[in-house]
Amino acid sequence: MTTSAMLVRPAAEADIAALVTLAAGATAGVHTLPKTRAAIERSVERSIASFAADVDMPADESYTFVLEDSRSGALLGTAALAATAGTNGTFFAFRNDVMQQVSRDLNISHSVHALTLCSGLTGHSQLSSFYVANADPASAALLSRARLMFAAVAPHRFGDRFFASLAGVTDQAGHSPFWEALGRKFFQIDFLEAERLIDGGRNRSLIIELMPHYPVYVPLLPGDAQAAMGQVHVEGELPLQILTDEGFEADEFIDIFDGGPILQAHKHALRAFTGSRQRRVMGSGGSAETATYLVSNIHQQQFRAVLCAAPAIDTSDSIALSAEARRSLQVAPGDTVHCVKL
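Computed from a predicted structure; not experimentally measured. (Residues numbered from 1 in each chain as written. Predicted model: local features only at pLDDT ≥ 70, side-chain atom pairs only at ≥ 80, totals over all residues. Heavy atoms only, no water.)

Asker: Which parts of the structure should I look at to understand the overall build of the protein chain?
Answerer: Counting secondary structure elements, the protein chain contains ten helices and 15 strands. For the protein chain, the C-alpha radius of gyration of 21 Å lies close to 20 Å, the compact-globule estimate for 342 residues. If you line up the protein chain on its principal axes, its C-alpha atoms span 80 × 45 × 40 Å. Taking all 342 residues of the protein chain together, 51% fall into the buried category. Intrachain contacts of the protein chain at a sequence separation of at least 6 include 72% that bridge at least 24 residues. Each charge class in the protein chain was averaged separately, 26 positive and 36 negative side chains, and the resulting centres sit 4 Å apart. (Helix = DSSP H or I, 4+ residues; strand = E, 2+ residues; numbered from the N terminus. Rg over C-alpha atoms; globule rule 2.2 N^0.38 Å. Buried < 20%, exposed > 50% of the residue type's maximum accessible area, 1.4 Å probe, protein only. Contact = heavy atoms within 4.5 Å. Lys, Arg positive; Asp, Glu negative; His and termini not counted. Charge placed at Lys NZ, Arg CZ, Asp CG, Glu CD.)

Asker: So what exactly am I meant to see when it comes to the packing of aromatic side chains here?
Answerer: Any aromatic ring pair is given by two values, namely how distant the centres are and how the planes are angled relative to each other. Going through the model one piece at a time under the given rule, you end up with 14 aromatic pairs. Between F51 and Y63, the aromatic rings sit 4.9 Å apart at their centres with planes inclined by 75°, giving edge-to-face as the arrangement. Taken together, the residues F51 in helix α2 (residues 37–52) and Y63 in strand β2 (residues 62–69) connect sequence positions twelve residues apart. Across this residue pair, the class does not change: F51 and Y63 are buried. Considering the side-chain rings of F91 and F163, the 5.0 Å spacing of their centres and the 55° angle between planes classify their relative orientation as tilted. In this pair, F91 sits in the loop between β3 (75–82) and β4 (93–103) while F163 sits in strand β7 (residues 161–165), placing the two residues 72 residues apart along the sequence. (Phe/Tyr/Trp six-rings, centres within 6.5 Å; stacked < 30°, edge-to-face > 60°.)

Asker: Explain helix α3 (residues 137–153) here, please?
Answerer: With 17 residues, α3 extends 24 Å from end C-alpha to end C-alpha; this agrees with the ideal 24 Å at 1.5 Å per step. Along its length, α3 shows its largest kink, about 25°, at A146. Across the 17 residues of α3, 15 count as buried, placing the element largely inside the fold. (Expected span 1.5 Å × (residues − 1). Bend = angle between axes of the 7 residues up to and from the residue.)

Asker: Explain the nonpolar core here, please?
Answerer: In terms of nonpolar packing, the biggest core is built from 43 residues, with F65, F162 and F248 touching the most fellow members. The element contributing the most residues to this core is α3, with eleven residues. If near-sequence neighbours (up to four positions away) are discounted, F162 is found in contact with L81, S125, L127, L148, A151, F248, L263, Q264, A265, K267, L270 and F273. (Core = buried A, V, L, I, M, F, W, Y, C linked by side-chain atoms within 4.5 Å.)

Asker: Would you mind showing me how to read unusual backbone geometry here?
Answerer: In most cases, non-glycine residues show a negative phi, while peptide bonds are predominantly trans. Backbone geometry at S129 places phi at a positive 50°, although glycine is not the residue there. Turning to its location among the elements, S129 is positioned in strand β6 (residues 125–132). Take S129: its relative accessible area is 15%, and that puts it in the buried class. With a phi close to 60°, Q330 is a non-glycine residue in the positive phi region. As for its placement among the helices and strands, Q330 is situated in the loop between α10 (323–329) and β15 (336–341). Classification of Q330 by relative accessible area gives partly exposed; the value is 42%.

Asker: I keep staring at the pattern of salt bridges and nothing clicks. Help me out?
Answerer: It is possible for side chains bearing opposite charge to pair when their charged atoms get close. Enumeration according to the criterion identifies ten salt bridges in this entry. A salt bridge links R37 to E41; the shortest N-O distance between them is 3.1 Å. Residue R37 and its partner E41 are both found in helix α2; the two are separated by four residues, about one turn of the helix. For the salt bridge of R280 with D317, the shortest nitrogen-to-oxygen distance reads 3.3 Å. Taken together, the positions of R280 in strand β11 (residues 277–283) and D317 in the loop between β13 (305–310) and β14 (318–321) put the pair 37 residues apart, joining distant regions of the chain. R280 gets classed as partly exposed once you look at its relative accessible area, which sits at 40%. (Salt bridge = Lys/Arg side-chain N within 4 Å of Asp/Glu carboxyl O.)

Asker: What's the story with the environment of L192 in this structure? I'm lost.
Answerer: By the element assignment, L192 lies in helix α5 (residues 191–198). Residue classification places L192 among the partly exposed positions, given a relative accessible area of 32%. The spatial distance from the C-alpha of L192 to the C-alpha of I40 is 18 Å, given a sequence separation of 152 residues.

Asker: Help me understand the packing of α3 against helix α8 (residues 237–246), please; the structure alone is not making it clear to me.
Answerer: Between two packed helices, what matters for the description is the angle formed by their axes and the separation of those axes. Here α3 crosses α8 at 50°, and the two axes come no closer than 10 Å. If you check the angle between α3 and α8, you find them oblique. Considering the relative orientation of α3 and α8, their crossing is right-handed. For the pair α3 and α8, the contacting residues are P137, A140, A141, S144, R145 and L148 in the first and L238, I242, L243, D245 and E246 in the second. Classifying every residue of the contact of α3 with α8 by side-chain character gives seven nonpolar, one polar and three charged. (Axes fitted to C-alpha atoms, helices over the stretch in contact; angles between N-to-C directions. Parallel < 35°, antiparallel > 145°, perpendicular 65-115°, else oblique. Left-handed = near helix turned anticlockwise from the far one by under 90°. Nonpolar A, V, L, I, M, F, W, Y, C, P; charged D, E, K, R; others polar.)

Quick look at the structure:
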């Protein structure tokens, strides 16, 4: 399958049945993906309203994208991008802290590693609900990075900082050692059941009433829970590589449920923002294909993005796109597109 046959676009109501089927194939390692029909319907409806909204600044909009084979119409993946993380204005995570403990009487001073529940990621834009059925690296990169290209096309819809919370370590049965050591003590239910109940949420009404409000001393946690902190699930290794290549970095936060890493980046560190260039579309000629580009149109409500091979655009004000790529992007010669070299 050629790269130009794969297309990323906003999810539509007609996609709901296919998204339900797609979600049914997701494993336990993709636990924040909406999986029930009701949850998927809510996600798509909210996304449609968000794309249609006349936005001056980011609020509670959430955008759901699908990866489509433009030749067969089959849906192969889905991903979301929230303008502002969480609901009710707050998103919670654990911050890795080093606390200094001092006893002047005993002349003792030492550092203790602790986890503190905090809302420091509130106001950031969040990449979430990422899943590609065939785990093809090129398709996964297109889906993950296309949503950031949309943010570059419509920067007023998003914050200056972005983050992605990757799934943490779980065993084949979906048990999380981090959850077993901490979350279960407060929720009294299994990890996957907790994720199902809250649809991957990390907001005030679902978290603050149950999670500990005091620092959790890491040395008191079992060894397997400590080892899982900041480690990504095996199925998250490809998304981790894609996000790292885009410009994200692991920081001081980890997920409050499974201890997975949370990657952050300012928009000026992301290739979708700093590496993208606007070019005029021209028909493909006889030049040799020299590079692969992520290309998107500039239409917010009818956003489209594809990967395509094209002659280098470094010294040109145009990009040569095949007829198939132009059809997928819904552009014609002379139209403007965003391009970033991969």
